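# Structural description and commentary
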Amino acid sequence: MQLEEDHLGPHLNGKHLRPESLMMSYGYNPEWSEMAVKAPIYQTSTFVFKNAEEGKAFFELAYGLRDKGAEEQMGLIYSRLNNPDLEILENRLRFWDGAEDAAVFASGMAAISTMLLALLKPGDVILHSEPIYGGSDYYIKNILPKFGIQSIGFRANMEADEVAELLEQSGVADKLAMIYIETPANPTNHLVDIEACAALAKKHSTDDKKVIVAVDNTFLGPLFSHPLKHGADLLVYSATKYIGGHSDLIAGACLGSAAIMKQVKAMRTFMGSMASPWTGWMLMRSLETLKIRMEAMARGAETVAEYLKNHPKVERIYYLGDLQDNPQQQAIYEKQCLSAGSMISFDIKGGEREAFKFLNSLRLIKLAVSLGGTESLAEHPASMTHSDISPADRAVMGIGEGMVRISVGVEHPEDIINDIEQALEKVQVSVSSYA
Ligand SMILES: *Cc1c(COP(=O)(O)O)cnc(C)c1O
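Criteria and cut-off values
Residues numbered from 1 in each chain as written. Predicted model: local features only at pLDDT ≥ 70, side-chain atom pairs only at ≥ 80, totals over all residues. Heavy atoms only, no water. Helix = DSSP H or I, 4+ residues; strand = E, 2+ residues; numbered from the N terminus. Rg over C-alpha atoms; globule rule 2.2 N^0.38 Å. Buried < 20%, exposed > 50% of the residue type's maximum accessible area, 1.4 Å probe, protein only. Contact = heavy atoms within 4.5 Å. Areas by Shrake-Rupley, 256 points an atom, 1.4 Å probe, with all protein chains shown as cover. Lys, Arg positive; Asp, Glu negative; His and termini not counted. Charge placed at Lys NZ, Arg CZ, Asp CG, Glu CD. UniProt positions renumbered as here; feature names shortened; annotations may be inferred. Near = heavy atom within 4 Å. Polar contact = N/O pair within 3.5 Å; in protein donor to acceptor, adjacent residues only side chain to side chain. Nonpolar A, V, L, I, M, F, W, Y, C, P; charged D, E, K, R; others polar. Pairing = 2+ DSSP bridges. Axes fitted to C-alpha atoms, helices over the stretch in contact; angles between N-to-C directions. Salt bridge = Lys/Arg side-chain N within 4 Å of Asp/Glu carboxyl O. Parallel < 35°, antiparallel > 145°, perpendicular 65-115°, else oblique. Left-handed = near helix turned anticlockwise from the far one by under 90°.

### Some thoughts on the overall build of the protein
- Helix and strand counts for the protein come out as 15 helices and 15 strands.
- Radius of gyration (C-alpha) of the protein: 23 Å, near the 22 Å computed for a compact globule of 435 residues.
- Looking at the protein as a whole, 53% of its 435 residues qualify as buried.
- A separation of at least 24 residues holds for 71% of the contacts in the protein among residues at least 6 apart in sequence.
- Carbon and sulfur atoms make up 53% of the accessible area of the protein, which amounts to about 20000 Å² in all.
- For the protein, the centre of its 40 positive side-chain charges and the centre of its 57 negative side-chain charges are spaced 2 Å apart.

### Brief notes about the UniProt feature "modified residue: N6-(pyridoxal phosphate)lysine" (unreviewed entry) in the protein
- The UniProt record marks Lys241 with the feature "modified residue: N6-(pyridoxal phosphate)lysine" (unreviewed entry), using the residue numbering of this structure.
- Assignment of secondary structure puts lysine 241 in the loop between strand E9 (234–238) and strand E10 (252–256).
- Every residue in contact with lysine 241, bar those within four places of it in the chain, is listed here: Tyr133, Thr218, Ser370, Leu371 and Gly372.

### Some remarks on the site of the ligand
- Taken together, the neighbourhood of the ligand is formed by 13 residues, with Met109, Asp216, Ser238, Thr240 and Lys241 sitting nearest.
- For the ligand, an oxygen atom lies 2.9 Å from a polar atom in the side chain of serine 238.
- Measuring from an oxygen atom of the ligand, one finds a side-chain N or O atom of lysine 241 at 2.7 Å.
- Against a free-state accessible area of 380 Å², the protein chains account for coverage of 93% of the ligand.
- The element best represented in the shell around the ligand is helix H4 (residues 108–119), accounting for three residues.
- Of the residues contributing to the shell around the ligand, the split by class is five nonpolar, five polar and three charged.

### Notes on the sheet that holds strand E5 (residues 125–130)
- Across the sheet, which stays open at both edges, the seven strands sit in the order E4-E10-E9-E8-E7-E5-E6 with mixed pairing between neighbours. Strand pairing shows two members of the sheet lacking a second neighbour, strand E4 (101–105) and strand E6 (150–155), which therefore form its edges. Sheet twist, expressed as the average angle between the axes of neighbouring strands with direction ignored, equals 20°.
- Sheet topology note: the strand E8 (residues 212–216)/E9 ladder contains three bridges and is parallel. Note that in E9 the partner of valine 215 across the bridge is leucine 235.
- Across the face of the sheet, helix H5 (residues 134–143) comes into contact with E5, E6 and strand E7 (176–182) while running at roughly 150° to E5.
- Across the sheet, helix H8 (residues 258–271) lies against E4, E8, E9 and E10, angled at about 25° from E4, the strand it touches most.

### Observations concerning the pattern of salt bridges
- Scanning all chains against the criterion turns up 20 salt bridges.
- Across the pair lysine 121 and aspartate 124 runs a salt bridge whose closest N-O atoms are separated by 3.1 Å.
- What makes aspartate 124 buried here is its relative accessible area of 6%.
- Linking glutamate 401 and arginine 394 is a salt bridge whose minimum nitrogen-to-oxygen distance equals 3.7 Å.

### Quick look at the packing of H4 against H5
- At their nearest, the axes of H4 and H5 sit 10 Å apart, and the two run at 25° to each other. Considered as vectors, H4 and H5 are oriented roughly parallel to each other. Judged by the twist between their axes, the crossing of H4 over H5 is right-handed. Where H4 abuts H5, its residues Met109, Ile112, Ser113, Leu116 and Leu117 lie against Gly135, Ser136, Tyr139 and Ile140.
- Class assignment of the residues belonging to the contact of H4 with H5 gives a composition of six nonpolar, three polar and no charged.

Following this line, the structure appears as structure tokens:
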């Protein structure tokens, strides 16, 4: 019954199966659970050893006291170290990005903070794009310095040679240990060139130090962007967003080579930042519909963006399907994105007053932060998700007072547009704003 498998994954009749065909049952054997077609929730803290010798052997592997035998499987010990729901989920999740290994966490921030602590040490420098998710920004700027780790930020849409120049001029380029990027950037959808970051990392790597390129792939992945194929070493996700996809759980993930993931998983064991069996089970359920959800949301967003773009009360839209006026960004899009996704930001003519009137008038779309769920959500970055960035920095990043961010869900696009239309009608744009 089990599919044959090689290093590229399971195959059937000599053809490798696509990720969406593997999400329902890969890595689970019904014989483990009364022939249940679905993996149950292994809601347990600990696992029984057949005998003391087995317990000893499992611990030797878990603590790296000896190498794994050719046919030997890592045994189950305790749910902070491993649990079947997490292991099955991790084995499925890695197919979308073509990663060797994956680790699932209690939140996106748990994944990001654990990964950073696993791979950085005092004296290191981390170069990162801006803007990035508020929690990551805070962690890099306020928590990492306590451990002697310094950061340098660069604007997401800066040219690659300007970024290299910025690093050179910092005087600490020799301490570079990681380039951390978020592409597309939230909420402006600015793209960062992954290949250029990989080249910069390579240039600063030495025989005994490899500079790691880590990408927060939450916004387009794991369907529409595969950074590992463009030279990135590591991916992080807020699985709360598209991977979970129903706005009903908090989780995170980290993916990369077996060697890097070994370090990340070891740190996860000691931080205790893994996801629970229940969250793992929920995420397995979500993965079955990941592709059809993300595709439907991207199709809906295309229709919604077209409507917004032509609306007289909309100053400008920020959408990956609308980059014609920006050849630099369009070139990156063509290189590393497979779809424009379903995040749209736009500037309403006017400022906060007009944006708030619009948000308060929505009837179908919910006024909430977060994204990637089946229902459409709208928010005001300047006063909500990005309010802890100074107004001056926000201006540099292009986050204006009239900006609204929408995560397009799976509702009928015409119903979403209907709601946007009636809410925009309520907005009074003063004559001067039209000038
Ligand atoms: C939400 C988000 C995070 C943080 O994830 P949590 O699951 O909320 O901890 C990190 N990065 C991006 C891009 C996000 O949108």
